[in-house]
Amino acid sequence: DAKTTQPTSMDCAEGRAANLPCNHSTISGNEYVYWYRQIHSQGPQYIIHGLKNNETNEMASLIITEDRKSSTLILPHATLRDTAVYYCIVNDRGSTLGRLYFGRGTQLTVWP
Amino acid sequence: GAVVSQHPSWVICKSGTSVKIECRSLDFQATTMFWYRQFPKQSLMLMATSNEGSKATYEQGVEKDKFLINHASLTLSTLTVTSAHPEDSSFYICSASASSGNTIYFGEGSWLTVV
């Protein structure tokens, strides 16, 4: 079962930052936070993951709270092509690496 | 970067027939692959874990005799939907991670329509 809670939907103006929250209050010490997104009728696309430190790559930034019970995915300059369902998933990367349990995710709509 | 490819992208089959979907890791070896199913407007649901050289592990409620999984090599896993019925119509997606990697990559997905 999914161990994360996300808002059902969010809107963002093109060019602005999109901040997508995720609650994972029952996360255990060895579980990582992964973010994926799914554009309609395509397979999920990996965005970023982290354990406890903030992470940044060419796609996004991941901010994890100190108690690790929540995180925020930041798309610094959203474009229309960022419209997708964003999934926040926790996984311990051990024997269960790859066995991802998806919640409903957040439908992000970027408007012109 | 790592790429996972599925074939076919879409398939239509008659009720009662079987259909096979392939999942390939193109530039890395994957000892483990995963199969998901997604119905319209719903999230992905993990069906099974495909293990190279051994039997697949199915999630609770997924019929192993209905969804046959074969992982004969380090770069190929196949999902066969046997005796397909209209309710099996769905978007089937596979994923894989490199043997030494920490990131899971997904295929493009395969649309199955059973008529």
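Structural notes, computed from the coordinates. (Residues numbered from 1 in each chain as written. Chains lettered and ligands numbered in written order. Predicted model: local features only at pLDDT ≥ 70, side-chain atom pairs only at ≥ 80, totals over all residues. Heavy atoms only, no water.)

Some points on the overall build of chain A
1) Next: A tally of regular secondary structure across chain A gives 0 helices and 9 strands.
2) Next: Listing the helices and strands of chain A from first to last along the sequence gives β-β-β-β-β-β-β-β-β.
3) Next: Against the 2.2 N^0.38 benchmark of 13 Å for 112 residues, chain A shows a C-alpha radius of gyration of 13 Å, consistent with a compact globule.
4) Next: Expressed as lengths along the three principal axes of its C-alpha atoms, the size of chain A is roughly 40 × 30 × 25 Å.
5) Next: Within chain A, buried positions represent 46% of all 112 residues. (Helix = DSSP H or I, 4+ residues; strand = E, 2+ residues; numbered from the N terminus. Rg over C-alpha atoms; globule rule 2.2 N^0.38 Å. Buried < 20%, exposed > 50% of the residue type's maximum accessible area, 1.4 Å probe, protein only.)

Considerations on the sheet that holds strand 4 (residues 45-50) of chain A
All names here are of chain A.
1) Next: Spatial strand order, 1-9-8-3-4: 5 strands in an open sheet with mixed pairing. In this open sheet, the two strands that pair with only one neighbour each are strand 1 (9-13) and strand 4. Mean inter-strand twist for the sheet, computed between neighbouring axes without regard to direction, equals 25°.
2) Next: With 5 bridges joining them, strand 1 and strand 9 (residues 106-111) adopt parallel strand pairing. Looking at strand 9, one finds that Asp11 is bridged to Thr109. (Pairing = 2+ DSSP bridges. Axes fitted to C-alpha atoms, helices over the stretch in contact; angles between N-to-C directions.)

Here's the deal with the pairing of strand 7 (residues 67-73) of chain B
Residues and elements named next belong to chain B.
1) Next: Relative to strand 8 (residues 76-81), strand 7 is paired through 5 bridges, and the arrangement is antiparallel. Within strand 8, the residue paired with Leu68 across the bridge is Thr80.
2) Next: Two successive antiparallel strands, strand 7 and strand 8, enclose a turn made up of 2 residues.

Function cannot be inferred from these measures alone, as they are strictly geometric.
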